[in-house]
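So you can see what is in the structure, the chains are spelled out below.
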Amino acid sequence: MRLQRTLSPLETWGFGLTAIINWVGLIPIIDAAIGPNAILVWLPGVFMGAMLNLQVRRLGEHFPDMAGGTPNYTTRLLRKYPFLGRYAASGYWLAWVASTPIYAIVMAQLIEVNLKQAGLTFPNKLLEIAFTILPLILTFSGTRALSIAHLFFAIPAFLLLLIFNIQGFLWLAFAPNSPGLFPDSWPPLSFVDWMKWFYFAAFSFYSCETSSSFVADSRNPSETTKFLKISAYLIPTMFLGGCWVMMRLADAPDLGGDAFLNLSAAAQPLWGSSASSLAIFIVAASCLLSYATVVSNCPRITYQLAIDGHISPVFGVVSRRGVFGPGLIPVLVLGLLCLFWVNLDRLVVFANVGVVSCTMLFHLGIWLNRGKPEARWPWLSLGIFLVDAMMLTVGGFASGQQDFFLGLLVPAGILAIDLVIRRISLAPFHRSWWIRLYRKQAKSQIADFVGFQVLILILLICSAVAIGWFSGIRLSVNSPSGSNLLLVLLLCVAFTGVAIACWTSLPQVISMDESREAAEQLFNIALDAIVVLDENGIIRQVNPAAEQLFGLTYTQLLGTHLQTLLPQLAADPNDWPTRSEQTPSHFDGTSRILEVAISNRFSRDASQTNRDLQQYVAIVRDITERKQAQEVLEKANEQLEIKVLERTTELSQTVEQLQREIVERQRVEENLRAMQSQIIVQEKLASLGSLTAGIAHEIRNPLNFVNNFAEVSSELIEELVAEIENHTEQLGAETSDYITEIFSDLKQNLHKINHHGQRAESIVSNMLLHSRGERGHWQATDINSLLAEYVNLAYHGMRAKDASFNITIESDCDPEIGEVEVVPQDISRVFLNIINNACYSTHKKKQEIGDEFSPHLLVKTKNMGERVEIRIRDNGKGIKLEVLDKIFNPFFTTKPAGEGTGLGLSISHDIVVQQHRGEMKVETEPESYAEFIIKLPKKSIKSMEVQQ
């Protein structure tokens, strides 16, 4: 809930006048303590207060939506130091809360003085409690009612004090019996005493910026902030003038620091017999106005702190009438605690700690934000900050050590209590509970509002008369004390009466006003023309839409009979239909179609007497475009039906044609996919061939050196052995045999190097053959030997990649197979691809399971007459059934990215099936085994053709 801008600038000015008035309670105390030296306290004080007002005005202009005034501006200025900002704001708030019992004590003392003069007594503590609770009753009437009542008493009190100051100066300067404008003597004043009383007066001159707390409530924030400048000029006049006049005219030693007695004594030469009554009015009004300001300002401080996220969100709830329920409760509780805790002097010392701490940190914030538009006179603020720091430490400490330290600690305690409140689960400590409460109150309506208000008015009048009658009996109104008490009583009753009246009637008035505003808004923004007519059909009120519809101004329409505008209507309103369509001529000469709905003035709820007074309400809507659109739509529907029929026929023919094209396209796509598969294989084989050619070429040269030097080295050994045999006698028989044996072993090693080098040369030749794209030669091949060779090659290749790899190889070859006509280079590639996959699968399974798993590879051949069957089976991870039909597709692989190309099985399948006209299939069980079965014919196609 946000604050409503309900206050006029003048009402916000009234709150700003409060601090300028309430000096009457403080100046007598300082005058009684230090005499003429009091002016030395107020001179720097009014300067610092005026500067604060002007700086706060600048902030109010930059933050027009911020409530609470100085403490909340301080949190904004110290946003980089949030704890300091919260501490300053809580100290300022605590000072205002503590001022409530201060004013209650002053009011109780005022009544006590007059009761003693009248010879009466009353428990003083009960008066203090009553005056502490009184402002809360007024606050629950709402912000607007409180501000009006406040302004009603603030203006006369301010004017009386202004007259008092001016008249007092003139009287001191020119009256024959004047004691003189200046005192005869000026007693000395120590620095500590000066700082002590300077600190004592701080709350008074620093609280003159109160109107800034209501900027967010104001309907015109700029006018509200303007009063801060006016207040800056009024502070010297009111404070310095009041201090000087009070000091010179109220100089009797028995007056002490009592505000009423000092003001009465000072006003006696000026106002004569009326001085006592006017003085008590000023003092009582000052206290009551201060009450109202405190209970208005404190909840706004906590409200803005909650909105900015510094304290619990529950304090950020406000009703539509401007009642801060969650913020008022702690004001009442702490106010009563302060009342029972200490006396007046200690409360002032305690409260001033928070005010001076806040303003000190406020000026520090101004200096820290120097260079920004909202910071005014930052170096002056730095100087005031240093003065405030000295005033706080010297003056506060001298005023009372215990209260000084307590004033420093309690704000931190309040922040700690707020942390506890955030964690309490009870409903009243959460904002949703208060929001529901305020919404419920807003919806509640009194059935007989007029009767209820009459009852409240009777009770208030009777109560006022009864109180006046009782007071007249108990008091002698002819005596000064009796008149004074009666005046105080009347002020309190007036405040309370206004509160009760507004508390009971204001919600209903606001509801009616909101309903009226809502109805007017709906009436004005309605898109349809609304015409209000009397019982004769004469127009009495129209909305802007009616002016636009009929092409006439508001003045031209008033007093016109509705039949003039709608000729098809009857002259007598009783004959008008409730709903009809009219086709009058428009003001521009065109014809319009209007839909007219007219209310029945003879409603069931109207009495027979009031029926003749009721009005008609006609709602007129231009439906010309709608009618035209309907006609266009009907024609469009007819044309659409014809087009739909034609289009349906065309679509049927098109569908038949498309079906034929789809069948043909499917046949072409199948051929295209087959061609694409062949092209992909050829392209990939070409890329692989280029790579293979480079590798094979690089290997062949060093391999030739190995083979050649192995042969040469073998010949050299033979020559060396022959030479050694010629020198047997020199070496000895045993040595000669040993050397001959070593050379014999070396010769065997060279023979093996040459043998395997020749095998490597054969492999490289095959690689070059493939890489050049040349088809291998069909030749009779021993499949068993070829298969055994590539099983061994695949095994050692896997071992070269991972030394931990091992597998048990079992071979079951049929010796009856004989030789088979194949292309050895291609068939060997098939064997190598399948065996590599088997080794890879078993190795991965070994890594997952561990030593419990033993890899196994079974290679088996079988003679089947004209064909030969080769089976390669492993006990690895197998193949998932859902991908089994994809394993021979080009580029499909089950290996992780980077570990497989997806071409091995595809190329192998093409070699077996397409090149050798054989068969290739796979049998598998996931996580158990995979077995590839290859069947090849023993004779090649060419051999079979030759035989035929």
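Residues numbered from 1 in each chain as written. Predicted model: local features only at pLDDT ≥ 70, side-chain atom pairs only at ≥ 80, totals over all residues. Heavy atoms only, no water.

## Concerning a negative patch on the surface
And step 1. There is a patch of like negative charges on the surface, built from E631, E634, E638 and E641.
And step 2. Mapped onto the fold, E638 is located in helix α24 (residues 624–726). (Patch = residues over 30% accessible without salt bridge, like charges linked within 9 Å, V, L, I, M, F, W, Y side chains within 5 Å. Areas by Shrake-Rupley, 256 points an atom, 1.4 Å probe, with all protein chains shown as cover. Salt bridge = Lys/Arg side-chain N within 4 Å of Asp/Glu carboxyl O. Lys, Arg positive; Asp, Glu negative; His and termini not counted. Charge placed at Lys NZ, Arg CZ, Asp CG, Glu CD. Helix = DSSP H or I, 4+ residues; strand = E, 2+ residues; numbered from the N terminus.)

## Looking at the packing of aromatic side chains
And step 1. This structure, assessed with the given rule, holds 23 aromatic pairs.
And step 2. Ring centres of W186 and W244 lie 6.2 Å apart, and the angle between their planes is 35°; this geometry places the pair in the tilted category. With W186 in the loop between α7 (143–174) and α8 (191–200) and W244 in helix α10 (residues 221–249), this residue pair connects regions lying 58 residues apart in the sequence.
And step 3. Among the aromatic residues, those joined into a cluster by ring pairs are W42, F191, W194, F198, F205, Y206 and F239. (Phe/Tyr/Trp six-rings, centres within 6.5 Å; stacked < 30°, edge-to-face > 60°.)

## What about the pattern of salt bridges?
And step 1. A complete count under the given rule lists 19 salt bridges for this structure.
And step 2. The partner of E223 in a salt bridge is K226, with the nearest N and O atoms 3.1 Å apart. Note that E223 and K226 are positioned in helix α10 at a spacing of 3 residues, about one turn of the helix.
And step 3. Taking relative accessible area as the criterion, E223 reaches 25% and is therefore assigned partly exposed.
And step 4. Among the residues examined, K226 registers a relative accessible area of 35% and is labelled partly exposed.
And step 5. R867 serves as the salt-bridge partner of E919, at 3.6 Å between the closest nitrogen and oxygen. Pair noted here: E919 is in strand β11 (residues 919–925) and R867 is in strand β10 (residues 867–874), with a separation of 52 residues, a long-range link. (Buried < 20%, exposed > 50% of the residue type's maximum accessible area, 1.4 Å probe, protein only.)

## What to know about helix α11 (residues 259–271)
And step 1. Given a rise of 1.5 Å per residue, 13 residues ought to cover 18 Å, and the 17 Å separating the end C-alpha atoms of α11 matches this to within 8%.
And step 2. Bending of α11 peaks at approximately 25° at the position of A265, with proline P269 no more than four residues after it.
And step 3. Of the residues making up α11, those classed as buried are A259, F260, N262, L263, S264, A266, A267, L270 and W271.
And step 4. One or two positions beyond α11, positive phi appears at G272, with a value near 65°. (Expected span 1.5 Å × (residues − 1). Bend = angle between axes of the 7 residues up to and from the residue.)

## What about the sheet that holds strand β3 (residues 579–582)?
In any sheet, the strands associate via hydrogen bonds between backbone groups, in a parallel or an antiparallel arrangement.
And step 1. Reading across from one edge, β2-β1-β5-β4-β3 is the order of the 5 strands in this open sheet, with antiparallel pairing throughout. Looking at strand neighbours, the two that pair on one side only are β2 (539–542) and β3, the edges of this open sheet. Geometrically, the sheet is characterised by an average inter-axis angle of 25° between neighbouring strands, direction not taken into account.
And step 2. Of the pairings in the sheet, the one linking strand β1 (residues 529–533) to β2 comprises 3 bridges and is antiparallel in character. Opposite V531, over in β2, you have V542 as the bridge partner. (Pairing = 2+ DSSP bridges. Axes fitted to C-alpha atoms, helices over the stretch in contact; angles between N-to-C directions.)

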